[in-house]
Amino acid sequence: EAGVTQFPSHSVIEKGQTVTLRCDPISGHDNLYWYRRVMGKEIKFLLHFVKESKQDESGMPNNRFLAERTGGTYSTLKVQPAELEDSGVYFCASSPRLAGDNEQFFGPGTRLTVL
Amino acid sequence: EDQVTQSPEALRLQEGESSSLNCSYTVSGLRGLFWYRQDPGKGPEFLFTLYSAGEEKEKERLKATLTKKESFLHITAPKPEDSATYLCAVRGHSGGYQKVTFGIGTKLQVIP
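Residues numbered from 1 in each chain as written. Chains lettered and ligands numbered in written order. Predicted model: local features only at pLDDT ≥ 70, side-chain atom pairs only at ≥ 80, totals over all residues. Heavy atoms only, no water.

Draft legend 1. Quick look at the state of the cysteines. Under the definition given, this model contains two disulfides over all chains. The disulfide partner of Cys23 of chain A is Cys92 of chain A, and the gap between their sulfur atoms is 1.8 Å. Of note, the bridge from Cys23 of chain A to Cys92 of chain A carries an S-S torsion of about -60° and is left-handed in sense. Within this pair, whereas Cys23 of chain A is found in strand β3 (residues 19-24), its partner Cys92 of chain A is found in strand β9 (residues 88-95), the two being separated by 69 residues in sequence. For Cys23 of chain B, the disulfide goes to Cys88 of chain B, at an S-S distance of 2.0 Å. In this structure, the disulfide formed by Cys23 of chain B and Cys88 of chain B twists by about -65° around the S-S bond and is classed as left-handed. Placement of Cys23 of chain B in strand β3 (residues 19-26) and of Cys88 of chain B in strand β9 (residues 84-92) is noted, with a sequence separation of 65 residues between them. Judged on exposure class, the residue Cys23 of chain B and its partner Cys88 of chain B are both buried. (Disulfide = S-S within 2.5 Å. Helix = DSSP H or I, 4+ residues; strand = E, 2+ residues; numbered from the N terminus. Buried < 20%, exposed > 50% of the residue type's maximum accessible area, 1.4 Å probe, protein only.)

Draft legend 2. Just the environment of Arg91 of chain B, in detail. Its location among the elements puts Arg91 of chain B in strand β9. Residues Arg91 of chain B and Val27 of chain B, 64 residues apart in the sequence, show an inter-C-alpha distance of 7.7 Å.

Draft legend 3. Summary view of the layout of surface pockets. In this model, the largest pocket occupies a volume close to 820 Å³. Together, 29 residues line the largest pocket, and Arg37, Val89 and Arg111 of chain A together with Gln38 and Gly41 of chain B are the ones closest to its centre. Only β9 and β11 (110-114) of chain A together with β9 and β11 (106-111) of chain B provide two or more residues apiece to the lining of the largest pocket. No other element matches β11 of chain A, which puts four residues into the lining of the largest pocket. (1 Å grid on protein atoms, 1.4 Å probe; cavity = no way out; pocket = protein on both sides within 12 Å on 5 of 7 lines; lining within 4 Å. Points joined across faces, edges and corners; volume = space filled by probe spheres on them.)

That is the geometry; function is a separate question.
Shown next, in the form of structure tokens:
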């Protein structure tokens, strides 16, 4: 079974540019999550999708961040315009619909550097 | 707001030298405490879920325990391949249904 995949693995952009990160969850997983780890800090929750619906976006930093999950399959996280403080590793995770309080399966992350 | 504090931040052990990692938490109604292992350049890999005080789970050389205020990850006779960052996370009743709060992790190095 293929795991959660993320693209790209690394991205280096300049302040003010736009970047789009992609996440492909495990096939059949309705729950999809985005997290971010800034250097030296803990992993922080950004948002949660159930299929194509946003269930909880309380962790999104500001309106420069836009997450979508059209058709309930893969998801994108767009940062526009990027700022220096957006640098970090962005993780995506997925879990089955009826997972309840069970574990989430994480992707390898996208390392974003904003110069 | 849920909080997770892990200690120590880094731990260096000789191969075979058993030890414990600590995870202290505050949460409004614990719905799950999770332990993950993270290798460099990879995403967190699930290890255990604990739900109530007194619960214990084991996997190979790892054993996780839970009290009302903290969790311990005991590592018995570690091997170099156990070297990784170990993350603790909690899910409580506050915030979103699936929102998980992570600690900063303990970086474990096992020396041959």
